[in-house]
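An overview of the molecular structure
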Amino acid sequence: MKLLKLVPDDTNIDFVRLRKMAFALTLLLSLLCVGLTFARGLNFGVDFEGGLMIEEKFAAAPDLDHVRKVVDSLGVGDASLQQFGDPKTITVRLPVQQGADEGATNAVVKKVEAALAQNFPGATFSRYSTVSGKVSGELIRNGVLAVVLAILGIGLFAIFRFEWQFGISTVVAIVHDLLMTLGFFALTQFEFDLNIVAAVLTIIGYSINDKIVIDDRIRENMRRYRKMDMREIINLSVNETLPRTVMTSVTILLALFALLFLGGHVLRGFTAAMILGIVVGTYSSIYVSSSLLITLGLRAEPPAQREDRAERIGPREG
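Below or above, wherever it landed, is the structure these notes cover. Predicted, not measured: the structure shown is a model, and the values here were computed from it.

**So, the overall build of the protein**
Helix and strand content of the protein: 10 helices and six strands. The burial tally for the protein puts 41% of its 318 residues in the buried class. Excluding contacts between residues fewer than 6 apart, the proportion of contacts in the protein whose partners are at least 24 apart in sequence is 78%. Accessible area of the protein: about 17,100 Å², with a carbon and sulfur share of 62%.

What follows is the structure, given as structure tokens:
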């Protein structure tokens, strides 16, 4: 039986030739994502903002102003509404309730549910979640800390495992992937909650896994072909690992697309973040971090070894 090959064995793509264009594109997209995140902001979920979130499914797409008027008339605080997944599903966010124990929360949920069912025939309650302001602040701090520690830990690992150039290129690639994810959520206004933090950490893990494979092959080829130009070594290494990279990415994307279309709207933000992360992570591993090694001055034979060899040989005698 003939094996399926998405990438031919004799593939020889000059990835390094496009590195300046890739750097320019990466810088442009990163700046756009930063600007988009500051301009539009992230649609933080209850996990990070605190308060009460009620999800209601209507028989037909409702008028949001009418829904807001009904909820505001209940005296439970200013409501923030947003379509979630499809126009028929609306999330109602309310501030932290006074005496926010389980009984008080259930009473507010039932009051909102009854009012919406009365004013919008066919409306059904889906779920609710609640987080106190103190807990939401702790979740924000812990989420940011987890991402920062993961990036620093991976960068230090790459430095000790390879050389300092690999560590810097690794951190640059991961920060690029993170900015792309933030920009995507700022653009789409998908809910940003703890599930998305989990997706970001998973994206970082996948990106570093793909990059470590390429870096390890680069280091092997640096030892094997000491007199070869660094540009040729990187092209050779990326092409040698390309079949594995493409096959891994495609198989993961097949599972994620199935989850995107069949997993329901609750997992839609998480799955969309993962799909974006796989595509962006593959791009950054091939075009950004690997080519950046040349800019950082990595050579097949370290300068210390060249100087040491020159001293041993000594000057030529006339």
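**Points about helix α9 (residues 268–295)**
Taking 1.5 Å of rise per residue, the 28 residues of α9 would be expected to cover 40 Å, and the 38 Å separating its terminal C-alpha atoms lies within 8% of that figure. Where α9 bends most, at Ser284, the angle is about 40°. In terms of burial, α9 is a largely internal element, 22 of the 28 residues being buried. Following α9 by one or two positions, Gly297 has its phi on the positive side, about 85°.

**Section: the packing of helix α7 (residues 194–224) against helix α8 (residues 230–262)**
Between α7 and α8, whose axes approach to 9 Å, the crossing angle comes to 150°. The two elements α7 and α8 cross, and the hand of that crossing is right-handed. For the contact of α7 with α8, a count of residues per class yields 11 nonpolar, seven polar and four charged.

**Concerning a nonpolar patch on the surface**
Together, Ile140, Val144, Leu145, Val148, Leu149 and Leu152 make up a nonpolar patch on the protein surface, roughly 530 Å² of accessible area in all. With respect to the element layout, Leu145 can be found in helix α5 (residues 133–161).

**Some points on unusual backbone geometry**
A negative phi angle is the norm for most residues apart from glycine, just as the trans form is the norm for most peptide bonds. Of note in the backbone geometry, Gln189 takes a positive phi value of approximately 60° without being a glycine. Relative to the assigned elements, Gln189 resides in the loop between α6 (164–188) and β6 (191–192).

**Considerations on the pattern of salt bridges**
Under the definition given, this model contains five salt bridges. As a salt-bridge pair, Arg219 and Asp216 come within 3.5 Å of each other at their nearest N and O atoms. Residue Arg219 and its partner Asp216 are both found in helix α7; the two are separated by three residues, about one turn of the helix. Glu240 is the salt-bridge partner of Arg217, the closest N and O atoms lying 3.0 Å from each other. You can see Arg217 sitting in helix α7 and its partner Glu240 sitting in helix α8, a full 23 residues away along the chain. Owing to a relative accessible area of 28%, Arg217 belongs among the partly exposed residues under this scheme. Take Glu240: its relative accessible area is 33%, and that puts it in the partly exposed class.

Cut-offs used in this document
- Residues numbered from 1 in each chain as written.
- Predicted model: local features only at pLDDT ≥ 70, side-chain atom pairs only at ≥ 80, totals over all residues.
- Heavy atoms only, no water.
- Helix = DSSP H or I, 4+ residues; strand = E, 2+ residues; numbered from the N terminus.
- Buried < 20%, exposed > 50% of the residue type's maximum accessible area, 1.4 Å probe, protein only.
- Contact = heavy atoms within 4.5 Å.
- Areas by Shrake-Rupley, 256 points an atom, 1.4 Å probe, with all protein chains shown as cover.
- Expected span 1.5 Å × (residues − 1).
- Bend = angle between axes of the 7 residues up to and from the residue.
- Axes fitted to C-alpha atoms, helices over the stretch in contact; angles between N-to-C directions.
- Left-handed = near helix turned anticlockwise from the far one by under 90°.
- Nonpolar A, V, L, I, M, F, W, Y, C, P; charged D, E, K, R; others polar.
- Patch = residues over 30% accessible without salt bridge, like charges linked within 9 Å, V, L, I, M, F, W, Y side chains within 5 Å.
- Salt bridge = Lys/Arg side-chain N within 4 Å of Asp/Glu carboxyl O.

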